[in-house]
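Here are the chains, one letter per residue:
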Amino acid sequence: MKVSKHPFNHFLRGLQLLGIASTNSVMAAEKDVNFSGFASLVYGKTLGNSKEGPLNEMTDEGEYRDFNKLGLRMDADLRDKVSFAAQLVAYDNRDYDPEFDWIYASIELDPKLRLDVGKTRFPLYMYSDFIDVGYAYQWIEPPYGTYGRSFFQALDGLKLNYVTNIGEWESELLVFGGRTEEHFKSLDTPDNIDLLIDDVAGAAWTVEYEWLTLRGVYARGDISLGGFSGIETLIAGVENLAVNINTAVPGFV
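Residues numbered from 1 in each chain as written. Predicted model: local features only at pLDDT ≥ 70, side-chain atom pairs only at ≥ 80, totals over all residues. Heavy atoms only, no water.

Draft legend 1. Structural detail: the overall build of the protein chain. Looking only at helices and strands, the protein chain features 3 helices and 11 strands. Helices and strands appear in the protein chain in the N-to-C order α-β-β-β-β-β-β-β-α-β-β-β-β-α. Looking at the protein chain as a whole, 25% of its 253 residues are labelled buried. A fraction of 48% describes how many contacts in the protein chain between residues 6 or more apart in sequence connect residues 24 or more apart. Of the accessible surface of the protein chain, which amounts to about 17300 Å², a share of 59% is contributed by carbon and sulfur atoms. (Helix = DSSP H or I, 4+ residues; strand = E, 2+ residues; numbered from the N terminus. Buried < 20%, exposed > 50% of the residue type's maximum accessible area, 1.4 Å probe, protein only. Contact = heavy atoms within 4.5 Å. Areas by Shrake-Rupley, 256 points an atom, 1.4 Å probe, with all protein chains shown as cover.)

Draft legend 2. Representation of the nonpolar core in the model. Ranked by size, the top nonpolar core spans 9 residues in total: F122, L124, L155, L174, F176, L195, I197, V200 and A204. Of all the secondary structure elements, the ones that give two or more residues to this core are β9 (169-185) and β10 (192-209). At 4 residues, the largest contribution of residues to this core is made by β10. Once residues within four sequence positions are removed from consideration, L155 is found in contact with G118, K119, T120, R121, F122, F176, G177, G178, R179 and V200. (Core = buried A, V, L, I, M, F, W, Y, C linked by side-chain atoms within 4.5 Å.)

Draft legend 3. Seen up close, the pairing of strand β5 (residues 82-91). Where strand β4 (residues 69-77) lies against β5, 9 bridges are found, and the strand directions are antiparallel. Its bridge partner being in β5, R73 is matched across the sheet by Q87. From the end of β4 to the start of β5, which pair antiparallel, there are 4 residues, and R79 there has a positive phi angle of about 70°. The pairing of β5 with strand β6 (residues 99-110) spans 8 bridges and is antiparallel. In the strand pairing of β6, F84 is matched with A105. (Pairing = 2+ DSSP bridges.)

Draft legend 4. Fine view of the packing of aromatic side chains. Scanning all chains against the criterion turns up 3 aromatic pairs. Ring centres of W102 and Y104 lie 6.2 Å apart, and the angle between their planes is 80°; this geometry places the pair in the edge-to-face category. Seen in terms of ring centroids, F122 and F176 are 6.0 Å apart; in terms of plane orientation they differ by 70°. Their pairing is edge-to-face. Of the two residues, F122 is situated in the loop between β7 (113-121) and α2 (144-147) and F176 in strand β9; the sequence distance between them amounts to 54 residues. Across the pair, F176 and F122 agree in class, each one buried. (Phe/Tyr/Trp six-rings, centres within 6.5 Å; stacked < 30°, edge-to-face > 60°.)

Draft legend 5. Representation of the pattern of salt bridges. In total, this model carries 7 salt bridges according to the counting rule given. Salt-bridge contacts for D116 lead to R114; the nearest nitrogen and oxygen are separated by 3.0 Å. Salt bridges here are not isolated pairs; linked through shared partners, they connect R179, E181 and D198. (Salt bridge = Lys/Arg side-chain N within 4 Å of Asp/Glu carboxyl O.)

Draft legend 6. Geometry of the pairing of β4. Where strand β1 (residues 33-40) lies against β4, 8 bridges are found, and the strand directions are antiparallel. Bridge pairing in β4 places N34 opposite D75.

Draft legend 7. Here's a closer look at the environment of Y127. Position of Y127 relative to the elements: it lies in the loop between β7 and α2. A residue is classified by how much of its surface remains accessible, and Y127, at 18% relative accessible area, is buried. For Y127 and Y137, which are 10 residues apart along the polypeptide, the C-alpha to C-alpha distance reads 8.5 Å. Setting aside residues no more than four positions away along its own chain, Y127 makes contact with Y137, Q138, W139, P142 and Y147.

Draft legend 8. View of unusual backbone geometry. A positive phi is found at D199, a non-glycine position, where the angle reads about 50°. In this fold, D199 is placed in strand β10. What makes D199 partly exposed here is its relative accessible area of 47%. Although it is not a glycine, E210 sits at a positive phi angle of roughly 55°.

Draft legend 9. Main features of a nonpolar patch on the surface. A grouping of I107, L109, V117, L158, L160, Y162, I166, L173, V175 and W205 is seen on the molecular surface, where their side chains present a nonpolar patch of about 820 Å² in accessible area. Where the nonpolar patch is concerned, the elements lending two or more residues are β6, β8 (154-166) and β9. No other element matches the 4 residues that β8 contributes to the nonpolar patch. The residue I166 is located in strand β8 in this model. (Patch = residues over 30% accessible without salt bridge, like charges linked within 9 Å, V, L, I, M, F, W, Y side chains within 5 Å.)

Now the structure itself:
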């Protein structure tokens with residue numbers, strides 16, 4: 001009895017075509033998804049005498065600072081003018097516990113207008129969007145007085161970005177809203193502090209002309225603190241100060 005081999009041959013050809021199709025799908029996916037990363041490994045010390053006190057918590061004895069970090073970023077093109085981005089960062093001062101710095105979707109509403117939805121950087125300062133990427137600026141870290149104790153890291157909400165030209169000036173207007181929640185250790189007490197800023201709303205406007213860059217930011221929100229045992233004393237002290245000022249200068253408050 002002769003058994004036809006045609007069905008089996010068709011089956012093999014089908015598997016072969018399926019394998020080619022799967023390979024093409026993987027190759028296409030690889031083109032649409034990009035991975036990048038960054039890392040900072042820093043050793044620092046001050047040149048002054050330790051009796052003069054530490055500079056931004058760095059002494060003249062030399063130490064590994066809180067600059068050390070490792071980051072991994074993924075960008076995916078979801079087609080139809082929609083993209084997705086996620087960034088995972090591990091910080092030395094947080095025991096290298098990886099956490100999502102941001103994770104959001106971008107929708108291109110217009111060549112000049114983009115909407116970001118999800119968790120992004122809180123756009124308060126000039127270097128907010130790339131503060132962790134050390135080679136993007138000329139210092140070991142940006143000015144400590146502005147960025148060193150910034151507790152407002154991420155914003156969960158919406159960001160609307162509009163880029164255009166005003167004459168010879170390049171203009172970028174950013175309108176944002178949402179909420180932010182941070183957990184950190186107090187610098188002066190053993191308490192762990194929970195910081196919540198709700199109903200955040202604000203705008204940031206940056207204009208550039210050749211070597212000159214100007215930036216202005218306005219933001220508001222409802223702040224609440226938890227876990228800090230000294231907050232009640234602080235509030236009572238502020239209220240007492242206001243009463244004293246009002247007593248000394250009637251109508252001041």
